[in-house]
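Analysis of the macromolecular model
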Amino acid sequence: MLAPNLPGSLKTNPMLDAWIRIDGEGITVYSGKVELGTGVRTALWQIAADQLGVDFDRLHFITADTAMTPNEGYTAGSHTIADGGTAIFNAAAQVRGLLLEAAAADFGVQVRDLHVENGAVVTADGRRKRYEDIASEVDLHRQASPVSPASDPFHYRYIGKAQPRVDIPAKVTGGASYVQDMRLPGMVHARVVRPPRRGATLVSADIEGVRAAGGVIAVVRDGDYLAVVAAGEWQAVQAMRLLTASARWTDGPALPTNATIHDVLKTLPHRDYATARKDVPVAPPTPDVSLKATKQYVQHGSIGPSCAVAQWKDGVLTVWTHTQGVFPLRAGIAQMLSLPDDAVRCIHVEGSGCYGHNGADDVAADAALIAMKVPGRPVRVQWMRDQEAGWEPFGPAMVTSLDASADGEGNLSWWRYALWSTAHNERIVNAGRLLPAWLMANKIEPAPSVPIAEPEGDADRNAIPSYRIPSLDVTMHFVTSMPFRTSAMRSLGAHLNVVTIESAMDDFARRTGRDAVAYRLAHLEDPRAREVVELAARAFGWSPMPKLPAGRGVGFAFSRYKNLMGYCAVAVELEVDPNDGHVTIVRAVAAADCGQVVNPDGLVNQIEGGIVQSASWTLYEQVLFDAAGVRSVDWATYPIARFTQVPLSVEVKLVDRPGESFLGAAEIAQGPTAAAIVSALAMATGTRSLRLPLMRGVG
């Protein structure tokens, strides 16, 4: 870190003019974070507008361009507002302070006698100067200070208020919103041809025959890498089909099956990490509660398959991409193509379906590789649905195991937890993490898997309970040899870890004759955690002994995401049809504390979306595979929740804390929602299942 004492992303980008520039063209704010459909671009804009004291529409806002913006790594892990928003909050406050100081000198008054109005500094007697007119007197190319000028949160115009999202109008009116919509002059279209599964090698393909097909501009072969370029998109699809039909491959390694994967995970090479250890007895007691939970692989299931556009022109390779990290991607592409970093420019453009580590980086690498073969022409690469489903990095399969005991008064006393999983973080730290680099003649091996350290966590994210437990042992068996490529999916290991922990809390509450909510409160010491639990229970109308019709159940769960970010509690009521087993989530009520709320409407949307997505994962989603490869390659074989399966009612209550630090929010609902559904289904059916997905699981 360049400046470890600075707040948020200022640690790694400490210069003020990396974030804010003021000149004759106006006021421009820069961010290395990207819009993934969560509304963060609007929220960051709100922060800047309030701290600079300007109207929202007076700002120019530029995000994630390696030629223009600060390097904030990835937009991931619910860090955008916590890190990027904190950086802009402080940088803007310091720039405002510098402008006030310069204006005070010009006017011959004290700073305390000035105020700002929409990008102008104004004296008590009405004299004013625009920021643009003062800027030449202020050198913003300076390192930020650890302490920023104070601002009163109760006088914010934008922070804490619902602001219409800047990305929505074009999306709902059919405008060009996504990289999939890009059309550049002279653009050509490309499609890739993948092996049947990882490890298969290309024996032969009718390269010359496909080159002769209508509209084909080029056929690219580089080792086991195949692609076609054509003048029109349909011509590219037809050429891809011809090339696919002619290609002959060796068999890759046989894969496990859905039924065997969890046993196989325990036999693969792994490294063990002591995630948490506290007063672990040498001779453990006989456990009161023993649980084992499993989860199948899941797809990101982005509605729009991944897409990118690239152009090699005048010695610079420009890539338009919906990646979550333009700078890591630039480094990976440069290494893959043996180019210097400054010969590659990555520009973020929103993707129609992008979160977690899906195919965005890989399709960008496809576009870059192919563009080098047709210099001067913009090349658009669009993946097909089956390619996305079969080759994107999956959310990992997992196994968890828990033995735990309570003392004579029924309070938690001893906890031994273990989990097995492959990496939840295979982001681009070298070119070998990009799919095309595995297939090229000069193959580049992926960098070794390294888990994300606690307290952030990887597979062990949220594996340490938030509850008071005197004796604790949490071990992660980090599997290093992966039958499938896996990487970041929203909430990482927290999804299953919270399910296991909260299921144990329900079991202990039932064994001791105590209410599930009361039992949790008895073990929570953090007052903010207690407030969120109490608010969710109150808003839901939680009853220790609910009177429900047959086939109905309620469940409650809580976690603080990563044990250091947003707090979230979720209560669920669901109904099971006795005839066909169909599950209807009648209502879900959530309460969340994410510190200072920037855009309450955006925050509510994120929690609502997290509840819907987690319900889909928990009830229905799994990658289907057998020894020959992935079989769930369309929406029939990989069904995400339909409109008829989403909760009938979702209510979100927010605890706003003006002046407090921003806490991450985008992934806080996944774990508690899943755990509440598991508990509600157990009540409704009389049987607790911990094999996810609950309605389609076979593992």
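Residues numbered from 1 in each chain as written. Predicted model: local features only at pLDDT ≥ 70, side-chain atom pairs only at ≥ 80, totals over all residues. Heavy atoms only, no water.

**Looking at the nonpolar core**
Test applied: Buried Ala, Val, Leu, Ile, Met, Phe, Trp, Tyr and Cys residues form a nonpolar core when they are joined through side-chain atoms within 4.5 Å. For the exposure calls, accessible area comes from a 1.4 Å probe over protein chains only, and a residue counts as buried if that area is under 20% of its type's maximum, exposed if over 50%, partly exposed in between. Where helices and strands are cited, they refer to DSSP runs of H or I of at least four residues and of E of at least two residues respectively, numbered from the N terminus. The contact definition used throughout considers only heavy atoms, calling two residues in contact when any of these lie within 4.5 Å.
Of all hydrophobic cores here, the largest spans 91 residues; its most connected members are Trp415, Phe556, Phe558, Val572, Leu574 and Ile607. For this core, the element with the most residues is helix α12 (residues 494–511), which contributes 9 residues. Among residues more than four places away in sequence, those in contact with Val572 are Phe540, Gly553, Val554, Gly555, Ile585, Arg587, Ala588, Ala676, Ile677 and Ala680. Formed by 49 residues, the second largest nonpolar core is a distinct cluster that contains Val229, Ala368, Ile370 and Val379.

**Things to note about the side chain of Arg197**
Applied cut-off: Any pair of N or O atoms that falls within 3.5 Å is considered a polar contact. Within protein, one atom must be able to donate a hydrogen and the other to accept it, and sequence-neighbouring residues count only if both atoms are side-chain atoms.
Counting through the fold element by element, Arg197 comes out in the loop between β7 (188–193) and β8 (202–204). Polar contacts involving the side chain of Arg197 include one to the main-chain carbonyl oxygen of Gly252, which spans 2.7 Å. A distance of 3.0 Å separates the side chain of Arg197 from the backbone oxygen of Pro253, its partner in a polar contact. Each residue touching Arg197, except ones within four places of it in the same chain, is listed here: Asp251, Gly252, Pro253, Ala254, Leu255, Trp391, Ala627, Ala628 and Gly629.

**Structural notes on the sheet that holds strand β3 (residues 59–63)**
As a reminder of what qualifies: Paired strands, as defined in this entry, are two strands with at least two bridges between them according to DSSP. Angles here are taken between N-to-C directions and fall from 0 to 180 degrees, while the axes themselves are lines fitted to C-alpha atoms, restricted in helices to the stretch in contact.
Pairing within the open sheet is mixed, and its 3 strands lie in the order β1-β2-β3. Because the sheet does not close on itself, it has two edges, and the strands there are β1 (20–23) and β3. Taken pair by pair, the neighbouring strands of this sheet meet at an average axis angle of 20 degrees, ignoring direction. Across 4 bridges, the pairing between β1 and strand β2 (residues 26–31) is antiparallel. Counted as the bridge partner of Asp23 is Gly26 from β2. Across the face of the sheet, helix α1 (residues 40–52) comes into contact with β1, β2 and β3 while running at roughly 135 degrees to β3. On top of the sheet, helix α2 (residues 80–107) reaches β1, β2 and β3; it is set at about 35 degrees to β1, its chief contact.

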